[in-house]
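Okay, here's what each chain looks like letter by letter:
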Amino acid sequence: MPAATVVAPLPPALTAAVKRHWGFTALRPLQEHAIRAALAGRDSLVVMPTGGGKSLCYQAPAVVRGGLTVVVSPLIALMKDQVDGLTRIGVSAARLDSTLSSDEWAVTADAIRRGETRLVFTSPERLINTGTFRLLRDAGAHTIAVDEAHCVSHWGHDFRPEYRQLARLREFFPKAAVHAYTATATDRVRRDISEQLGLRAPEVLIGNFDRPNLIFRVLPRLNLVDQVREVIDRHRGAAGIVYCLRRKDVDEMTAALRKARYRAVPYHAGMSADDRRATQEAFAAEEADIVVATVAFGMGIDRSNVRFVVHAAMPKTIEHYQQETGRAGRDGLESECVLLYSGSDFIALKAIIEKSSEEANAGPEYTAASIKHLDEMARYCRGAVCRHKALVSYFGQEYGSPNCGACDLCLGDTQEVPDAQKVAQKILSCVARVKESFGIAHVIEVLRGADTAAVRARGHHQLSTYGLLKDVPKPDLRDWIYQLIGQGVLVQTGDEYPLLKLNPASWDVMAERQSVRLIRLARREKRGRTEGAAASPGELPAGADAELFEALRQLRRQEAARAKVQPYQVFTDAVLAEFARGRPTTEAAMGRVSGVGEFRLRAYGKAFLNAILTHCRQKGLPTDVPLPKLAALPQAPPPAPPKASSKKELAFKLFRGGASVEAVAAKTELTPATVAEHLADFVRAEKPESIFAWVPEDVCERVAAAAEIHGTQRLKPVFLELNEEVSYDHIRIVFACLESRG
Ligand code: ADP
Ligand code: ZN
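Nothing here was measured: the structure is a model prediction, and the numbers come from that model.

**Q** Before we move on, can you summarise the coordination of the zinc ion (ligand 2) with the specific residues and values?
**A** Bound to the zinc ion (ligand 2) are the protein donor atoms Cys386 (SG), Cys404 (SG), Cys407 (SG) and Cys410 (SG), situated 2.2 to 2.4 Å from the metal. Note that the zinc ion (ligand 2) binds four donor atoms; their angles at the metal cover 103 to 119°, and the shape is tetrahedral. In primary sequence terms, the donor set of the zinc ion (ligand 2) follows C-x17-C-x2-C-x2-C. The same class applies to Cys404 and to Cys407, which are both buried.

As structure tokens, then:
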């Protein structure tokens, strides 16, 4: 690529179309480049992480250029969603797939021939089919966009044989520009895509693989169901996906969650097509909160408000992990990805890979490559490097910040086990004492001093290592043993009944010639107590009213049901969050929110404006609150003065006299949460000399120290940094104080 020259602004028609149809006020930087290439009719290979906004890269140019753009997509469900979505925002789109009746086909084909259709979605095998190809060629298709292009590569993690047929694309459409889009970035796959699709001097654009709004955690798997519930409870009522290794695990996890009254539904390849569709639809319609799935789930999912993804076991490759976690937080709001890892995962997955390679008669090369992928994944799990950094480096990129503030390591979720060396020596000598002839369960029994028949029958209650670690809970001990296996200082045989064996490194550890480290979860007890209720407001931007957000979500569900669309197609969570923060009361103000657009405003604006007005009146909240940074831009409209709110004025008056939040809440009949928000506004507006009347001095200091690391953009990192001991209200007030002092 030539060095960047002065870049001309995008054609006004494009910016206008993006605003009008999609309601986006700005393009993301890579989208802008990709769109330029498309407008120029130049081949391109666009690599963007999931959620990066690939679809706009071919959709917007198709609208502005006119003529016909063909989109190749692997799944019918995915095509249908896209076509429905585009139609609703006023873009003429159609699909040609195997589910169309001959009548539907004829109508669609007519519209294409008449030049009325901007985007046609089809599958690879259809595209190469003579009838389809003639239709599209005669209609003058000038652009072919290949979505999920890595499906063309053997080296990718999702090879689809039907994509191989795209190797003939050039033959069929010699003049068209071809664009390939994927989220998989390894060099090998990239080269393969380019070769298979016959790209001509493509513009290669590679996005930033970091997803700053995702919090990554890799935690030892101790009590699986409890740990999964802990994550779900942190995001109560929000959407999430729990990935399991096997179908059986999916069924068990779904049952366990349902028993605990969570709205969970299963998804795996062993289910019938109807059952799988029912799961997808329930999830998309927000009738189910949690999908428990094998990796078979995800590609067709366009629910942008997935707030958490849990891996109940390690995935097979970092690509899979990246793609699966990528389904969280596509709307840009904070979301959490938790991988519950055990050293046993590597062994289980290796066995699965070997078995399926054997069955599929895959060459030894393929098996070796798969195991190498697996090893990279395991290394990531065991790693002690910031997760954000580790992930982007895997994709060949650099990570600037020394502390991401959004992963288990940077947040201090885990800590070193004190005296790890001694603990390891006890475990290893126990393995030696039982003559390397027993499995993990038995070694744990002996170390914990269990008084069982199996132990006594072998005289193991008389060993010097009997009961040496009797205070360590069983799941922790199991986890440490797997950590030792993971570090290569202990061996588990690969038989049906795996035994623990020693190797030379084990003896080095026992003789202090080699050192080991062990980690464990920090603050586990505290976690269970405070999490849940307090955590969710942290996901909203500062100043957003959580109750209003919930009310708007409720309304969205109703509107979606009425319009027979999926809730995210009404408005995304990001839009609702901005409504809850800015509380617009006019169509003009609502239309300025990114992601609204003309068409959605017309369809849903009134209902949402009403809901916002009613809620703000009831709670005495100020409306039409400008975005702090936008207010400074010249083109921004002058911010409307906040509506006089007598309750808020009263609150300010009381604050001036030093009244407590509780006292003000009682006098104004506002909720303490609202009063705390008013207090933050008060602190910002009037800059009182001290806020110690509301937040104890030591708490102020702790929050200020944490804010130095994490900034004052988001509440949650600070909340976590402070061991979840300081309330969000206190943090918000201290932030206001810090901000007002610049
Ligand atoms: P991908 O296909 O790369 O996973 P999508 O095209 O589905 O990503 O887009 C992901 C999310 O980002 C969607 O919710 C979309 O509405 C949003 N989005 C895309 N482009 C923009 C933009 N320029 N401004 C704001 N939101 C955007
Ligand atoms: Zn980190």
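**Q** Outline the sheet that holds strand S9 (residues 239-243), listing residues and values.
**A** Ordered by their spatial adjacency, six strands build an open sheet running S8-S13-S12-S9-S11-S10, and the pairing between neighbours is parallel. With partners counted over all chains shown, the strands left at the sheet margins are strand S8 (214-220) and strand S10 (264-267), one partner each. Mean inter-strand twist for the sheet, computed between neighbouring axes without regard to direction, equals 15°. Along the sheet face, helix H13 (residues 318-325) touches S8, S9, strand S12 (306-311) and strand S13 (335-341) and points at about 150° away from the line of S12.

**Q** Before we move on, could you go through the pairing of S10 and cite the residues and values that matter?
**A** For a regular strand, side-chain orientation follows a simple rule: the groups alternate between the two sheet faces. Burial along S10 is two-sided: the residues Ala264 and Pro266 and Val265 and Tyr267 are all buried. As paired elements, S10 and strand S11 (residues 290-293) share four bridges and run parallel to each other. Paired with Ala264 across the two strands is Ile290, which belongs to S11. Between S10 and its parallel partner S11, the chain crosses via helix H12 (residues 273-284), and the hand of that crossover is right-handed.

**Q** Report on H12, specifying residues and quantitative values.
**A** An ideal rise of 1.5 Å per residue puts 16 Å on twelve residues; H12 measures up with 16 Å between its terminal C-alpha atoms. Of the residues making up H12, those classed as buried are Thr279, Gln280, Ala282, Phe283 and Ala284. Tucked inside the fold, the buried residues of H12 contact helix H4 (76-88), S9, S10, S11, S12 and helix H25 (567-570). Downstream of H12 by one or two residues, Glu286 has phi in the positive range, about 60°.

**Q** Mind laying out the site of ligand 1, listing which residues take part and the relevant values?
**A** With respect to spatial proximity, 14 residues lie near ligand 1, and among them Ala26, Gln31, Gly51, Ser55 and Arg330 are the closest. Gln31 places a side-chain nitrogen or oxygen 2.8 Å from a nitrogen atom of ligand 1. Ser55 has a polar side-chain atom sitting 2.5 Å from an oxygen atom of ligand 1. Coverage of ligand 1 by the protein amounts to 81% of the 570 Å² it exposes when considered alone. Residues that form the shell around ligand 1 fall into these classes: four nonpolar, seven polar and three charged.

Rules used in this analysis
Residues numbered from 1 in each chain as written. Chains lettered and ligands numbered in written order. Predicted model: local features only at pLDDT ≥ 70, side-chain atom pairs only at ≥ 80, totals over all residues. Heavy atoms only, no water. Donors = N, O, S within 2.8 Å, 3.2 Å for Na, K, Ca; no water. Tetrahedral: all angles 85-135°; square planar, octahedral: opposite > 155°, others 65-115°. Buried < 20%, exposed > 50% of the residue type's maximum accessible area, 1.4 Å probe, protein only. Pairing = 2+ DSSP bridges. Helix = DSSP H or I, 4+ residues; strand = E, 2+ residues; numbered from the N terminus. Axes fitted to C-alpha atoms, helices over the stretch in contact; angles between N-to-C directions. Contact = heavy atoms within 4.5 Å. Right-handed = clockwise from strand over helix to strand, strands pointing away. Expected span 1.5 Å × (residues − 1). Near = heavy atom within 4 Å. Polar contact = N/O pair within 3.5 Å; in protein donor to acceptor, adjacent residues only side chain to side chain. Areas by Shrake-Rupley, 256 points an atom, 1.4 Å probe, with all protein chains shown as cover. Nonpolar A, V, L, I, M, F, W, Y, C, P; charged D, E, K, R; others polar.

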